[in-house]
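# What the coordinates show
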Amino acid sequence: MRRGELVDKGTGRMTRRPARIVVLGGGFGGLYAAMTLQRELAGSDMAQVTLVDRRNYFTFTPFLPEVAAGTLGRAHVTYPFRFLAQKEQFCFIQGAVQDFDLVKRTVRTETTAIPYDYLIVSLGGAPSFFGNPHIAAHALTLNSVDNALAIRNHIIRLFEHAVVETDPIRRRQLLTLVVAGAGPCGVEVVAELDHLIRTALLKYYPVDPSEIRILLVSKGDRILPHFVGELAETGQKELIKRGIEVRLNTQVTWASEEYVEFDGYERISTRTLIWAAGVTPNPVLAQLPTSKSQQGGVVVDEFLKLPDFPEVYVIGDGASVLDRRQGQPYPALAPVAIRQGIRAAGNIMNTLQGRAMEPFRFDFTGNIVGLGCGMALVNLLGIKFHGRLGWWFYRMAHLQRLVSFRNKASLTLTLALNAIFDRDISCETWFEDNRRINSETVSPALPRSGSPVAS
Ligand SMILES: Cc1cc2nc3c(=O)[nH]c(=O)nc-3n(C[C@H](O)[C@H](O)[C@H](O)COP(=O)(O)OP(=O)(O)OC[C@H]3O[C@@H](n4cnc5c(N)ncnc54)[C@H](O)[C@@H]3O)c2cc1C
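Residues numbered from 1 in each chain as written. Predicted model: local features only at pLDDT ≥ 70, side-chain atom pairs only at ≥ 80, totals over all residues. Heavy atoms only, no water.

## Considering a nonpolar patch on the surface
Judged by side-chain polarity, Leu389, Trp392 and Met396 come together as a nonpolar surface patch covering roughly 340 Å² of accessible area. Assignment of secondary structure puts methionine 396 in helix H11 (residues 387-401). For methionine 396, a relative accessible area of 37% puts it in the partly exposed group. (Patch = residues over 30% accessible without salt bridge, like charges linked within 9 Å, V, L, I, M, F, W, Y side chains within 5 Å. Areas by Shrake-Rupley, 256 points an atom, 1.4 Å probe, with all protein chains shown as cover. Salt bridge = Lys/Arg side-chain N within 4 Å of Asp/Glu carboxyl O. Helix = DSSP H or I, 4+ residues; strand = E, 2+ residues; numbered from the N terminus. Buried < 20%, exposed > 50% of the residue type's maximum accessible area, 1.4 Å probe, protein only.)

Right, here's the structure in full:
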């Protein structure tokens, strides 16, 4: 392989130097793009790859509901980028992207400006509260390991409070949980938290089970809207069987320290609103001077690049890529982001090697959602199954997708230990204050110091 041939902007002459490929965001899209480039470039000096992320690790989001429920921990779902950066032609910069200058081909983080010849933007999404500041201020979200751990700590602290709370109304408030959003994330987290409470917390906390209330709320008329109806119905029946209240055609309209409001009038007294009801493209993408979809996704062509800046690719949850066969955009899912990362990297390699680019195509093979308690719903190439077999398949599918052998080994060992021992229910102490557990409103036993948990 030869060095990339690039036009020097100052002189207008062709120069030969390694092309600078910058990948923004090391989530599913960005990480797979970077790993593909690293593999393709092995042993060549054609290009230098720089990965930029505000965190220094990759997060395996499908396991975050289990982190929130305490069955898995940080080490199972994270992968440090520095492990990749040990290889040649690859470097990592920790920084938060703030701005793009597409004309000067530079990206700005809070600390530095990074020049590029080719850019892959994979900055993911952010929770959408549909412009409701009250919900934004009081909801707990599940889009990072820290947030998942904050939910876990929050639930355990609620139980610590509940056992010393003498007022039954206050106690019920502490023991009521609302999860908003009945897509895969909402369903998985409500099922996992129910499992945590029924199998672990009730064993160790002297709490009356009849005082516990767990609600799953959706403005849609069914759970798992992207699933085949038959499987979604099975899932819904299973949740109801476990005692979870499934409230459909219901919208969360307000939230405060003390309650969550449904449809503008019904108030549920609770200190816990977990928000899995909407995702929007990363707000920093608004800085890209290009056309956006109605949802704010960056519109790219079938090769995943910006029509006016062919050296810039946008992929993953932040991109709006039309599936021409279905006539609608691809959904915001990990397998889509992974395939887009691989395709964008492949197209940059094609360009560097003088080959034609290939359009992005993706065919879904099915979908899976875990329901905790050793149960999952699976649709594999139209074959639908659930229960134990579904759970086994769910585990294998995710295990196979984990990035490193270290993650796979530690997950396997932990699952084996979890089958024998109870999960860890120790939690951070009061210094990690949480919006829901406010020292002034709940119990005099709570200290007043603390900083709010970011989410
Ligand atoms: C709790 C949860 C569970 C999920 N479960 C599933 C599932 O089971 N199956 C499935 O298919 N999909 C699932 N998803 C969706 C899936 O995670 C996304 O579709 C996928 O991660 C999108 O990949 P991405 O590369 O676009 O973004 P992400 O994977 O979100 O990566 C974005 C990266 O950009 C970084 N970043 C963000 N902003 C900046 C900035 N300003 N500067 C620098 N870096 C920045 C982030 O740190 C992150 O590393 C789940 C999502 C969540 C939140």
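## Quick notes on the confidence of the model for the protein
With 91% of its residues at a pLDDT of 70 or more, the protein has an overall mean of 89. This stretch, residues 431-455, has a pLDDT under 50; its non-local contacts, to residues over four places away or in other chains, come to 63 contacts. (pLDDT = per-residue confidence, 0-100. Contact = heavy atoms within 4.5 Å.)

## Notes on the nonpolar core
The tendency in soluble globular proteins is for nonpolar side chains to be buried as a group. Counting 117 residues, the largest nonpolar core has Leu24, Phe100 and Leu239 as its most contacted members. When residues of this core are sorted by domain, at least three fall in each of domain 1 (5-127 + 280-352) and domain 2 (133-277). Apart from residues lying up to four places away in sequence, phenylalanine 100 is in contact with Leu24, Thr106, Val107, Leu119, Val121, Leu123, Val284, Gln287 and Leu288. Listed in part, the 14 residues of the second largest apolar core include Ile135, Ala139, Leu273 and Trp275. (Core = buried A, V, L, I, M, F, W, Y, C linked by side-chain atoms within 4.5 Å. Domains from an automatic or database assignment.)

## A look at the domain arrangement of the protein
With domains assigned, the protein is organised as domain 1 (5-127 + 280-352) and domain 2 (133-277). With 16 residues of domain 1 at the interface, the matching set in domain 2 holds 15 residues. With both chains or domains summed, domain 1 and domain 2 bury close to 1,300 Å², and 68% of this area falls on carbon and sulfur atoms. Where domain 1 meets domain 2, there are 1 salt bridge. The salt bridge involving arginine 74 is made with aspartate 146; its shortest N-O contact spans 2.4 Å. Applying the counting criterion to the domain 1 and domain 2 interface returns 1 residue pair in polar contact (both at pLDDT 80 or more). Looking at the side of domain 1 that touches domain 2, the elements with two or more residues in it are strand E5 (57-59), helix H2 (64-68) and helix H3 (74-77). Of all the elements, H2 adds the most residues to the side of domain 1 that touches domain 2, at 5 residues. (Buried area = accessible area lost by both parts, 1.4 Å probe. Polar contact = N/O pair within 3.5 Å; in protein donor to acceptor, adjacent residues only side chain to side chain.)

## What about the packing of aromatic side chains?
If you walk through the whole model with that rule in mind, you get 11 aromatic pairs. Taking 5.7 Å as the distance between ring centres and 80° as the angle between the ring planes, the aromatic pair formed by phenylalanine 385 and phenylalanine 393 counts as edge-to-face. Accessibility expressed as a relative area gives 17% for phenylalanine 385, which makes it buried. The class for phenylalanine 393 is partly exposed, based on a relative accessible area of 22%. One cation-aromatic arrangement involves lysine 219 over phenylalanine 130; the distance from NZ or CZ to the ring centre is 5.2 Å. (Phe/Tyr/Trp six-rings, centres within 6.5 Å; stacked < 30°, edge-to-face > 60°. Lys NZ or Arg CZ within 6 Å of the ring centre and 35° of its normal.)

## Quick word on the site of the ligand
In the vicinity of the ligand there are 27 residues, among which Asp53, Thr61, Val97, Asn282 and Asp317 approach most closely. Contacts to the ligand include arginine 54, whose backbone N or O atom sits 3.1 Å from a nitrogen atom. Within the contact set of the ligand, an oxygen atom lies 2.8 Å away from a backbone nitrogen or oxygen of aspartate 317. Taken by itself the ligand offers 1,000 Å² of open surface, and the protein chains cover 87% of this. Those elements that provide at least two residues to the shell around the ligand are helix H1 (28-41) and helix H10 (334-352). Sorting elements by how many residues they give to the shell around the ligand places H10 first, with 3 residues. (Near = heavy atom within 4 Å.)

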